[in-house]
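Examination of the molecular architecture
So the chains spell out like this:
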Amino acid sequence: MKSKRVLAMILGAAMTVATLAGCGSSAAPAASSTSETKEAASSDEASASDEDVTITFMASQDWVQDAELELGEKFTEETGIKVDYQIIPSDQYENLLLTKLNTGECADIFCGQSSVFSIVSQFDVEKNALDLSGESWAGNVDEAAAYELSVDGKLYGQPIQDVSACWAVAYNRAIFDELGLSIPTNYAEFTAVCDAILAAGKTPIYECVSDTWHHTCWLEGAIAATKADASLPGKLNNNEATFAGNAQLTTLLTQLKEMADKGYWGDNYMSNAYSDTATSMASGEYVMTLYNQGLGTEINAVDPSFDIDNIGYFAIPFCDNQNLNVNPCGPSRFIYSGSKNADAAKKYLEFMASDESLAYMTENVGKFNQLPYKNAPSAYSDVVQDFYDRYPEKIAVFQASVKYFNPQWMEMGTNLSAMFLGEMTPDEVLQDIDKLRAEQAEAASDAAWN
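Residues numbered from 1 in each chain as written. Predicted model: local features only at pLDDT ≥ 70, side-chain atom pairs only at ≥ 80, totals over all residues. Heavy atoms only, no water.

1. Regarding the overall build of the chain
Formally: Where helices and strands are cited, they refer to DSSP runs of H or I of at least four residues and of E of at least two residues respectively, numbered from the N terminus. Partly exposed describes any residue whose relative accessible area lies between the buried limit of under 20% and the exposed limit of over 50%, with all areas from a 1.4 Å probe on protein chains only and scaled to the type maximum. The contact definition used throughout considers only heavy atoms, calling two residues in contact when any of these lie within 4.5 Å. Accessible areas in this description were obtained via Shrake-Rupley with a 1.4 Å probe; residue shielding takes into account the shown protein chains only.
When you go through the chain residue by residue, the secondary structure sums to 21 helices and 13 strands. Taking all 450 residues of the chain together, 56% fall into the buried category. Partitioning the intrachain contacts of the chain with sequence separation of at least 6 by distance along the chain shows that 77% fall at a separation of at least 24. In the form shown here, the chain has an accessible surface area of approximately 18,300 Å², with 47% of it arising from carbon and sulfur atoms.

Shown next, in the form of structure tokens:
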């Protein structure tokens, strides 16, 4: 696999570079690889009405990267269509989105997490989103990602992020070598690594509970429960099993609480912010964090002396898990069915799914190694490829395999916070997941809960 530096050289000949005010030194490519003649034609085709159009784009924080904002500037240059990005704090986004959908006042483009379950039960895309199956880029969407965005064979959304990346424990390889540590293969080895790091005067793990959502990502280790019982997702979907009482899930939450209780997350984990992860890891004060496979690039951006390949990854070892958690679901763009600017919004989606835009996103977003499109380039580093190769068995996370799990992500985050503070037990957290799933199933008139 070629590194991103090599990829940049390969793509350079096909990219039209333009310096964008307010976006640093990065420059977005043209919408196509054709040069001045194409751009002139594109300019001629932009109608006066296009020049007066502003499409609104509503998303949760961290779903729209700086590289997309840069491409948005280029899109406006080429079409005359302006884009008003409305970025909402993650702990407020879902409630605000559902309110806007229910009141019929949603943005032209709204974002939501894909899932064959939640796009129906949560977003009601057949009513609230446009069918995008006939768009020029639709056939390029990765089959697994498209499945999670489709209802009755109709595609309603466009993937935004790399779904090949997964949440794993990212670690500072140099500090591991300095302390003589090895990648842990079970929970006992994981705690031994954390104890050794504490003894060296460093904080083992950077965690950021204040964002409400990040610490919930540790639950992706729940794939250990599927490994123990492959039929569990099906049983949960048919209301034949519960979260409460499951030995693997109880153990997972108990071990998660132990992380905080033993000081592995340091003193400030309740107030730490996700946006400070790269800076905190660059300092060397923290040795590990839960992140996707772009952390090395992000740390290098804040500290150029930090080698991108100094960050390695290993699977979440709760419940002695040694399988890779995979998820074809992720943040996605939808066009609101009530949009008065639907044609302009479709042009934006077409622009973002072009060869050049996908290449630009891959090159300029550290955590994007393989976007879920057939026409997107691959940019896995040797370190990341080694991580994927180390775990040949892959299991779908509950967000993709279990109904009514992903829509309560923030509620689970709130309950886990209460668990860390001793206000809820692991059993009570699991009981609340069952309670919320039942409420959502009832609202969806799910026959399995009748």
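What follows continues from the structure just given.
2. So, the pattern of salt bridges
Side chains carrying opposite charge are able to pair once their charged atoms draw close together. In plain terms, the rule: By salt bridge we mean one thing: a side-chain nitrogen of Lys or Arg within 4 Å of a carboxyl oxygen of Asp or Glu.
A complete count under the given rule lists ten salt bridges for this structure. With a closest N to O distance of 3.0 Å, E393 and K227 form a salt bridge. Residue E393 is found in the loop between α18 (382–390) and β13 (394–396), and its partner K227 is found in helix α11 (residues 223–228); the two are separated by 166 residues along the sequence. Relative accessible area serves as the criterion here: at 36%, E393 is assigned to the partly exposed category. Between D261 and K257 there is a salt bridge, and its shortest N-O distance comes to 2.8 Å. On the criterion of helical spacing, the pair formed by D261 and K257 is a turn pair, its members being four residues apart in helix α13 (residues 247–261).

3. What about the nonpolar core?
Threshold: Residues grouped as a nonpolar core are buried Ala, Val, Leu, Ile, Met, Phe, Trp, Tyr and Cys residues, joined through side-chain atoms within 4.5 Å.
Counting residues in hydrophobic clusters, the biggest one holds 78 residues, and the most contacted among them are W265 and M288. In this view, W265 contacts T203, I205, E207, W218, L256, M259, A260 and F420; residues no more than four positions away in its chain are not counted.

4. What to know about the environment of A278
If you trace the backbone, A278 turns up in helix α14 (residues 277–282). With 20 residues separating them in the primary sequence, A278 and E298 have C-alpha atoms 6.0 Å apart. The contacts of A278, once residues within four sequence positions are left out, are E298, I299 and V302.

5. Some words on the environment of G312
Its location among the elements puts G312 in strand β10 (residues 311–314). Look at G312 and you get buried, because its relative accessible area is 2%. Placed 141 residues apart in sequence, G312 and Y171 show a C-alpha to C-alpha distance of 5.4 Å. The residues touching G312, leaving out its near neighbours within four places in the chain, are V169, A170, Y171, R173 and V383.

6. Points about the packing of aromatic side chains
Heads up, the rule is: Any Phe, Tyr or Trp ring, taking Trp's six-membered ring, that has another such ring centre within 6.5 Å forms a pair; planes under 30 degrees apart are called stacked, those over 60 apart edge-to-face, and the others tilted.
Across all of its chains, the model carries 33 aromatic pairs by this definition. A ring pair is formed by Y404 and W449, whose centres lie 5.6 Å apart and whose planes are at 80 degrees; its orientation type is edge-to-face. With Y404 in the loop between α19 (398–401) and α20 (409–420) and W449 in the segment after α21 (426–443), this residue pair connects regions lying 45 residues apart in the sequence. You'll find Y404 and W449 in the same group, each marked buried. These aromatic residues form a ring-pair network of at least three members: Y171, F176, Y187, F190, W218, W265, Y269, F314, F318 and F420.

7. Brief notes about the pairing of strand β1 (residues 54–60)
Spelled out, the test is: The rule for pairing is simple: two strands pair if DSSP sees at least two bridges between them. Here is how to tell: hold the view so the strands point away, follow the path from the first strand over the helix to the second, and if it runs clockwise the crossover is right-handed.
Here β1 lies mainly inside the structure; six of its seven residues are buried. Here β1 runs beside strand β2 (residues 82–88); their pairing, made up of seven bridges, is parallel. Residue pairing in the sheet places F57 in a bridge with Y85 of β2. Assessed by its sense of winding, the connection that carries the chain from β1 through helix α4 (residues 66–79) to β2 is right-handed. Pairing of β1 with strand β3 (residues 109–113), which is carried by two bridges, proceeds in the parallel orientation. By the bridge assignment for β3, F57 is matched with I109.

8. Thoughts on the confidence of the model for the chain
Under the convention used in this document: Think of pLDDT as the predictor's per-residue confidence, scored from 0 to 100.
For the chain, mean pLDDT is 90; residues scoring 70 or higher make up 89% of the total. Note that residues 1–48 has pLDDT below 50 and, in this model, 75 contacts with residues that lie over four places away or in other chains.

9. Describing the side chain of S115
The residue S115 is located in the loop between β3 and α6 (118–121) in this model. Excluding anything up to four places from it in sequence, S115 contacts E148, C329 and Q399.

10. Description of the sheet that holds strand β7 (residues 168–172)
Note the threshold: The axes used here are C-alpha line fits, helices contributing only the stretch in contact, and every angle between their N-to-C directions lies in the interval 0 to 180 degrees.
Pairing is mixed in the open sheet, where four strands are placed in the order β8-β9-β7-β10. Lying at the two open borders of the sheet, with one neighbouring strand each, are β8 (203–206) and β10. Sheet twist, expressed as the average angle between the axes of neighbouring strands with direction ignored, equals 30 degrees. The sheet contact formed by β7 and β10 spans four bridges and is antiparallel. Bridge assignment links V169 to a residue of β10, and that residue is F314. Running over the sheet, helix α15 (residues 295–302) touches β7, β9 (286–291) and β10 and is turned about 155 degrees from β10. Contacts between α18 and the sheet are confined to β7 and β10, with β10 contributing the most and set at about 10 degrees to the helix.

11. Observations concerning the sheet that holds strand β12 (residues 331–335)
Across the sheet, which stays open at both edges, the five strands sit in the order β2-β1-β3-β12-β6 with mixed pairing between neighbours. The two strands at the open ends of the sheet, each matched to only one other strand, are β2 and β6 (158–159). The strands that α4 touches are β1, β2 and β12; relative to β2, the one it contacts most, it runs at about 160 degrees. Each of β1, β2, β3, β6 and β12 is contacted by helix α16 (residues 342–352), which is oriented at about 150 degrees to β12, the strand it contacts most.

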